[in-house]
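Listed below are the residues making up each chain.
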Amino acid sequence: MTSPQTFRIKSFGCQMNVYDGERMAELLAAQGMRAVGDKDDADLVVLNTCHIREKAVEKAYSDVGRLRRDDGSKPLVALAGCVAQAEGEEARSRSKMIDMVVGPQAYHRLPQMIRQAAAGRPAVDTDMPAISKFDALPRRRRTGVSAFLSVQEGCDKFCTYCVVPYTRGAEISRPARDILAEAQQLVEGGAREITLLGQNVNGWTDASFGGLATLIRSLARIDGVERIRYTTSHPINMDEDLITAHAEVEELMPYLHLPVQSGSDAILKSMNRHHTVESYLRTIERVRAVRPDIAISGDFIVGFPGETDADFEATLQIVDHVRYASAFSFKYSPRPGTPAATMENQIPAPVMDERLQRLQARIAEHSSAFNCATVGKTIRILIDRVGRKSGQMIGKSPWLQSVVVETDAPIGSLLDVAITGSGPNSLFGDLLVRAEAA
Ligand code: SAH
Ligand code: SF4
Ligand code: F3S
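In this text, all values refer to a predicted model and were calculated from it rather than measured experimentally.

A.B. asks: What is the right way to read the site of ligand 3 from this model?
C.D. replies: Taken together, Cys14, Asn17, Thr49, Cys50, His51, Ile52, Cys82, Arg168 and Gln199 make up the full set of residues adjacent to ligand 3. A per-class count over the shell around ligand 3 returns 4 nonpolar, 4 polar and 1 charged.

Structural data, given as structure tokens:
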């Protein structure tokens, strides 16, 4: 096979994978390759996969299968991301379509791997090298108005259901200096909002610099950084400094994604979450005390092994108590190699289905109440895409709601709008004054 000229990258899973996908695209572009759209026939396809639930893994393999072309030929195929890390060599015995297997900490080596694979020799690299991939990646180029920036990777928490500590490795924080330099590049490339990413982003630390709150304060001082967000936080790492930053740093948006997983202490203990319902609620109270308008979001797992009706009722209770602005909820999926997969009292699928439905209905009630409460307010939105109807643009509220507004203001504009209505997926606003041109 000749060396590929065009490529397509598909990312699944969390925002860290989206970030990695962008960095891989920049890396391949720097090699002279050209990105092509979804429907085009790329010479190289990178599937940047997620291993978090069983369904995600099945999807990765079925996507690989579908890459064979009508004439029987195939592109070069790289399996990247967390399935690649977890399966390593195995992946190639599951599908002969795969030419390269590259883990989340090794993708800076893709150019060499592509040369090797194009010469007919499959390449597998799931190393977690001591030298950070970030040092080997090209500068950030043009980005969207809202950019992701990974600051911390890996996880040492070892929740008993979760594969992340195995697929992403130990918790590592990038140095503050590198992060601030990358933020500067992102702003020069068009970003006005930066979302700091990490599996445990609020555990970020740089010994000679400080914790996440200090990093946020430094980022806020960069000219052009209008909005800052961070995700995902672990409840045990919500320190006083970070909470105070929510009161003091104007650029820090009033939004906190703080997964609790369950409302039952017995289940939290069995999940090895390191927090209780009470300590979690106390954290929420402290954050709300300094920033009363903050939107709280979360993640939930239903049907964890041993979850009784009473445990599940306790989860519904915590949802009512916190009044989440939004939340993700999942059926427990046993993952090979994790402690929970072999626990007794696995919950039957129909029970999980019923619980998930009830939980999602309850979350939807609170989420819609949260959105309705915005109606009548005047808020500032950051325009990030074109609306469906002509003359419409869509922007994000500080609380991450999509707001549809009639305006000719370009993407990147900050606008003050009066919220007039709320639909299932978005709010509607009337333009007041142009806050600031892009
Ligand atoms: N570090 C982050 C993200 C972890 S993955 C965190 O701690 O929140 C995102 C979510 O997937 C988790 O919060 C959890 O709700 C869900 N999840 C993880 N493993 C799962 C599993 N085996 N089955 C079902 N949901 C799972
Ligand atoms: Fe997984 Fe728990 Fe780590 Fe989150 S904190 S990545 S759920 S082990
Ligand atoms: Fe999935 Fe890996 Fe993210 S398992 S959720 S892509 S860290």
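A.B. asks: Just to check I follow, could you spell out the sheet that holds strand 15 (residues 295–302) for this structure?
C.D. replies: Hydrogen bonds between backbone groups are what pair the strands of a sheet, and the pairing can be parallel or antiparallel. Read from one edge to the other, the open sheet built from 3 strands follows the order 14-15-16, with strand pairing classed as parallel. At either margin of the open sheet sits one strand with a lone partner, and together these are strand 14 (255–257) and strand 16 (326–331). On average, each strand axis in the sheet is inclined to that of its neighbour by 10°, with strand direction left out of account. Note: strand 15 against strand 16, 6 bridges, orientation parallel. If you follow Ile301 over to strand 16, its bridge partner there is Phe330. The strands touched by helix 13 (residues 349–372) are strand 15 and strand 16; relative to strand 16, the strand with the most contacts, the crossing angle is about 175°.

A.B. asks: Whenever I open this one, the site of ligand 1 confuses me. Can you help?
C.D. replies: Around ligand 1 sit 15 residues in total, of which Tyr161, Gln199, Gln261, Asp299 and Ser333 are the nearest. Gln199 has a polar backbone atom sitting 2.7 Å from a nitrogen atom of ligand 1. Here ligand 1 has 530 Å² of accessible area as a free molecule, and 89% of this is covered by the chains. Elements supplying a minimum of two residues to the shell around ligand 1: strand 15 and strand 16. For the shell around ligand 1, the class distribution of residues is 6 nonpolar, 4 polar and 5 charged.

A.B. asks: For this particular structure, what's the right way to read the packing of aromatic side chains?
C.D. replies: Here a ring pair, both rings aromatic, is described through the centre-centre distance and the interplanar angle of the planes. Overall, the coordinates contain 6 aromatic pairs when judged by the stated rule. Consider the rings of Tyr161 and Phe304, whose centres lie 6.2 Å apart with planes at 85°: the pair is edge-to-face. Highlighted residues: Tyr161 in the loop between strand 8 (152–153) and helix 6 (164–167) and Phe304 in the loop between strand 15 and helix 12 (309–322), separated in sequence by 143 residues. This pair shows no difference in class: Tyr161 is buried, exactly as Phe304 is. Each ring, one from Phe304 and one from Tyr332, has its centre 5.5 Å from the other, and the planes form 70°; the classification is edge-to-face. Note that Phe304 is positioned in the loop between strand 15 and helix 12 and Tyr332 in the loop between strand 16 and helix 13, a separation of 28 residues in sequence. Here the two residues Phe304 and Tyr332 agree in accessibility, since each one is buried. Aromatic rings pair up to connect Tyr161, Phe304 and Tyr332 into one cluster.

A.B. asks: Can you help me understand the nonpolar core in this one?
C.D. replies: If you look at soluble globular proteins, the nonpolar side chains tend to sit buried side by side. Grouped together as the largest cluster of nonpolar side chains are 64 residues, with contacts concentrated most on Tyr161, Leu196, Leu212, Leu215, Ile216, Tyr230 and Tyr280. It is helix 8 (residues 212–220) that provides the largest number of residues to this core, a total of 6 residues. A domain-level breakdown of this core finds at least three residues from each of domain 2 (139–227) and domain 3 (254–373).

A.B. asks: Which parts of the structure should I look at to understand the domain arrangement of the protein chain?
C.D. replies: It is common to give the size of an interface as the accessible area that goes away when the parts come together. Here the protein chain is described as being made up of domain 1 (6–125), domain 2 (139–227), domain 3 (254–373) and domain 4 (378–436). In this structure, domain 1 and domain 4 have C-alpha centres spaced 36 Å apart.

A.B. asks: Just to check I follow, could you spell out the packing of helix 7 (residues 176–188) against helix 8 for this structure?
C.D. replies: Helices that pack against each other are described as a pair by the angle of their axes relative to one another and the distance between those axes. As a packed pair, helix 7 and helix 8 sit with axes 11 Å apart at the nearest point and diverge in direction by 30°. Along this stretch, helix 7 crosses helix 8, giving a crossing that reads as right-handed. Within the contact between the two elements, helix 7 uses Ala176, Ile179, Leu180 and Ala183 and helix 8 uses Leu215, Ser218 and Leu219. Taken together, the residues of the contact of helix 7 with helix 8 break down into 6 nonpolar, 1 polar and no charged.

A.B. asks: Sorry if this is basic, but what is going on with the packing of helix 11 (residues 277–290) against helix 12 here?
C.D. replies: Interhelical geometry of helix 11 versus helix 12 gives an angle of 10° and a closest axis separation of 12 Å. Regarding the angle of helix 11 to helix 12, the classification is roughly parallel. Contact with helix 11, carried on its side by Val277, Tyr280, Leu281, Ile284 and Arg288, involves Ile318, His321 and Val322 of helix 12 and no other residues of that element. In terms of residue class, the contact of helix 11 with helix 12 is built from 6 nonpolar, 1 polar and 1 charged.

A.B. asks: Looking at this structure, how should I read the side chain of Ser413?
C.D. replies: Relative to the helices and strands, Ser413 is located in the loop between strand 19 (402–406) and strand 20 (414–422). What makes Ser413 buried here is its relative accessible area of 0%. From its side chain, Ser413 meets the backbone oxygen of Pro410 in a polar contact 2.6 Å long.

How each quantity is defined
- Residues numbered from 1 in each chain as written.
- Chains lettered and ligands numbered in written order.
- Predicted model: local features only at pLDDT ≥ 70, side-chain atom pairs only at ≥ 80, totals over all residues.
- Heavy atoms only, no water.
- Near = heavy atom within 4 Å.
- Nonpolar A, V, L, I, M, F, W, Y, C, P; charged D, E, K, R; others polar.
- Pairing = 2+ DSSP bridges.
- Helix = DSSP H or I, 4+ residues; strand = E, 2+ residues; numbered from the N terminus.
- Axes fitted to C-alpha atoms, helices over the stretch in contact; angles between N-to-C directions.
- Contact = heavy atoms within 4.5 Å.
- Polar contact = N/O pair within 3.5 Å; in protein donor to acceptor, adjacent residues only side chain to side chain.
- Areas by Shrake-Rupley, 256 points an atom, 1.4 Å probe, with all protein chains shown as cover.
- Phe/Tyr/Trp six-rings, centres within 6.5 Å; stacked < 30°, edge-to-face > 60°.
- Buried < 20%, exposed > 50% of the residue type's maximum accessible area, 1.4 Å probe, protein only.
- Core = buried A, V, L, I, M, F, W, Y, C linked by side-chain atoms within 4.5 Å.
- Domains from an automatic or database assignment.
- Left-handed = near helix turned anticlockwise from the far one by under 90°.
- Parallel < 35°, antiparallel > 145°, perpendicular 65-115°, else oblique.

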